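Chains, contacts and geometry: an overview
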Amino acid sequence: MAEAADFQGMSTSPARRWLRRTASLIIGAPLLAGLLWGPVAPTAYAAEDATGSRTVDVSLDTLTPAAPGKSDTITISGTVVNNGRQPVTDAHIDLGVGPKLLGRTEIDSAADRTGYLPGVDAPAIDDRYSVEIPKLASGISQDFTLSVPADKLDLDEDGGVYQLGVSLTGRTASAQFDQVLGIERTFLPWQPETTQEKTRFTYLWPLISSTHLTAETGSDEQQTPVFEDETLAAELAPGGRLEQMVALGRDLPVTWVIDPDLLATVDAMTRNYRVKSGNTTIAGSKENQAVAKRWLSALEGAVQGRKIVALPFADPDLASLAHRGKGVSGSLSHLQPATEVAETTVETVLHVKPSIDFAWPVEGQIDSSIVDVATSAGADKVIARSDSLQDNLHYTPTAARPIGGGTTAVVADSRLSTAFQRDMTDAGDSTLAVQEFLAQTLALTHQQPNNQRSIVVAPQRTPTTAQAQSMARALRALDSRRWTQPLDLEAAADAKPDADANTQVPGSARYPTALRKQELPVETFQDIKATQDTLDKFKVILTLADRVETPFGRAIDRELSVSWRGTPAPAHEYRRIVRNYLHSLTGEVRLIEKSDVTLSGRSATIPVTVQNKLVQGVDHLVLRLRSENPTRLNLDGDKGVAEQPITVEGGHSQTVKFPAEANANGQVQMTAQLYTEDGKPYGRPMAFTLKVSEITPTVMLVLAGGVLLLVLAGVRMYTQRKRAAAREAASAGEEAVSGAEGDIDRPDPGQASDLTPDTRPESGDPSGAGEKVDH
């Protein structure tokens, strides 16, 4: 009859349900006795019971309000799913409230428990608040909602953290008695009255992304930026990760922690930009320009009047620098410029002045070398985490503590900082995380109710949209400020330290192995050094060095970013592209290859051409020509080397002429090389062969004699012709004389100039074969 009634949707009476529960407890009594008294029985019972209480999966989608007051009604909604093979009958969903949990460690233990455990899990409260489920077929889910007034839960007026259990009790064909077939636990932070001392609470709100800009820019005056792709736009668009971070953070009492590279990248997207497409680039989307403008405008409005911490540009990996980069010369020199440009970028884009006093190593894990690197660029505050700088105290101390050398470690609470690192896309997981977070904050306050402390929370650097939404829900639940009050990070860092807190920075051996494996390899810093050396050599010859130094300097900053952790292949590819593009630019200033050159005579000038395909001019270069055999051919007097300064306009070439003097016939190897003014070679040397074909004095005498004979013969012929003409004139008269004058050769009225301009439009063609030098 009871089963028939269940099929008809009729609920069982409270008396019958009480009898069933009593029977289930009697049946389970021997097992419970074994659990309490026998050394072997607990394992057998636990295994058997764990299977039974997992028949039905219970999930809690919402719990409102998350931190109820006296007059609130607690409403819990969720879903039950029958994962067993048999239908569940005579089922009901109940709420149980366990005893008050004493301290944060008890919360940790309660959160780790699974399965139903009689005597530990609290019995259900009044049947009036139960939800009846007559039948739940195998594989079928059903939603439910429980509502209970807070004043019906018999909670302590002094407040505290309670564990809530939502369980499904029912029967199956193989077990015709009431038993708990599924349970889900959560926490109820209960503080009906404001605590005597509130915990000062600081929550960091990070705006950080990965690298999207390349080192490449357009040749136009605006230097149009080039993006790797358009993926950033999806994060900025409505519903995107970064859009949600701004929209949520706008109304939350948080301290913004911003990577200025993100601001610079979005700002570049608000104007004309281009996107890589194979070996070329295409125009960026106008629609995405509008998206970027809206996001920047929203962010600027959200941060006005708020505290902002600016990380060094591109968020450099301090741990990688400390552990693997210090051995490569120049690696640490990038931190100071990255810090300086960070401040300028935030002020320029957001029109607010940020703090640049904070360094934030990955996951707040520090050792002495990381602290040294973190403070080398001027920061005097390091955001650490309590699982790195551990305390041996029965309470959680204030975050700020001096660690020597004028440096303050701001130690974030590890439990609260990692509360939302799991996947939060499922509503049930998010609800459980929010309730545990709130429970931990209340338990922390209750540790020493008369000792006000400052607590900092430093979450993951790049929260997902779901994680950010869960974080925001938790912070909104603290709006009532019954046990916490907001505090910005700068004030938290200035708080009076706890005298008993640990100030001993751990050694490098304590650094987590998992994080060390993700660090940037030594190869990264070697590649960066090579790129920086090339850039330093290149920029000194440019008339507009900023057009190259700025984009490549920022690209090198991005190569040091934390965002490359765990992705060695993309990181290596980014460095390769930056390096190759820089080399392609330096190769635009070069020597034009020469073919073999013939020198006829003792002295002449040897031309060498410098080509500049850049859009800007080059200066501060020296062209040096060397004779490998000065005894046969010397330059600049008796020397084997000559040099001349070089200045070439953009898109032009310049031919430089070196005086040379030959002493003997034969071939001479010549080498031309460009140098910067400080004597460093620039580009590749250019070698060519000079063939010396000197004319000796004896040959010159013979030639001179031959020329003299020719001249004498010509004079004689002229005289004879003149005499013959005179005789004819005597007989022919004045007309014949006139005709004789017309036979005299007239000189050529003009001769083409052999001058060549030193500067001309660039041409990459090599000199022609058989080139002869100018005499």
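Calculation rules
- Residues numbered from 1 in each chain as written.
- Predicted model: local features only at pLDDT ≥ 70, side-chain atom pairs only at ≥ 80, totals over all residues.
- Heavy atoms only, no water.
- Pairing = 2+ DSSP bridges.
- Helix = DSSP H or I, 4+ residues; strand = E, 2+ residues; numbered from the N terminus.
- Axes fitted to C-alpha atoms, helices over the stretch in contact; angles between N-to-C directions.
- Contact = heavy atoms within 4.5 Å.
- Buried < 20%, exposed > 50% of the residue type's maximum accessible area, 1.4 Å probe, protein only.
- Expected span 1.5 Å × (residues − 1).

The side chains of a regular strand alternate, residue by residue, between the two faces of the sheet. Relative to strand β29 (residues 681-693), strand β22 (residues 597-600) runs parallel, the two being bridged by four bridges. By the bridge assignment, Val597 is partnered in β29 with Leu690. As judged from the nine bridges shared by strand β28 (residues 666-676) and β29, these two strands associate in the antiparallel manner. Bridge pairing links Gln667 to Lys691 in β29.

Taken together, three strands build an open sheet; the order of strands is β1-β2-β5 and the sheet is antiparallel. The open sheet terminates on both sides in strands that have one partner only, identified here as β1 (56-64) and β5 (141-149). Along the sheet, successive strands turn relative to each other by an average axial angle of 20°, direction set aside. With nine bridges connecting them, strand β2 (residues 73-82) and β5 associate as antiparallel partners. What sits directly across from Thr73, in β5, is Pro149.

In this section: the sheet that holds strand β3 (residues 88-101). As summarised here, the arrangement of the four strands in space is β4-β3-β6-β7, forming an open sheet in which the pairing is antiparallel. Looking at strand neighbours, the two that pair on one side only are β4 (131-136) and β7 (175-190), the edges of this open sheet. Mean inter-strand twist for the sheet, computed between neighbouring axes without regard to direction, equals 25°. Docked against the sheet, helix α13 (residues 427-447) engages β6 (160-172) and β7, running at close to 55° with respect to β7.

Along the polypeptide, Asp112 turns up in helix α4 (residues 104-112). Exposure remark for Asp112: the relative accessible area of 64% places this residue in the exposed category. The spatial distance from the C-alpha of Asp112 to the C-alpha of Arg185 is 9.9 Å, given a sequence separation of 73 residues.

Take helix α10 (residues 335-350) next. Between its first and last C-alpha, α10 extends 22 Å over 16 residues, near the 22 Å set by a 1.5 Å rise per residue. When we look at burial in α10, the residues that qualify are Leu335, Ala338, Thr339, Val341, Ala342, Thr345, Val346, Val349 and Leu350. Directly after α10, the chain includes His351, whose backbone phi takes a positive value near 60°.

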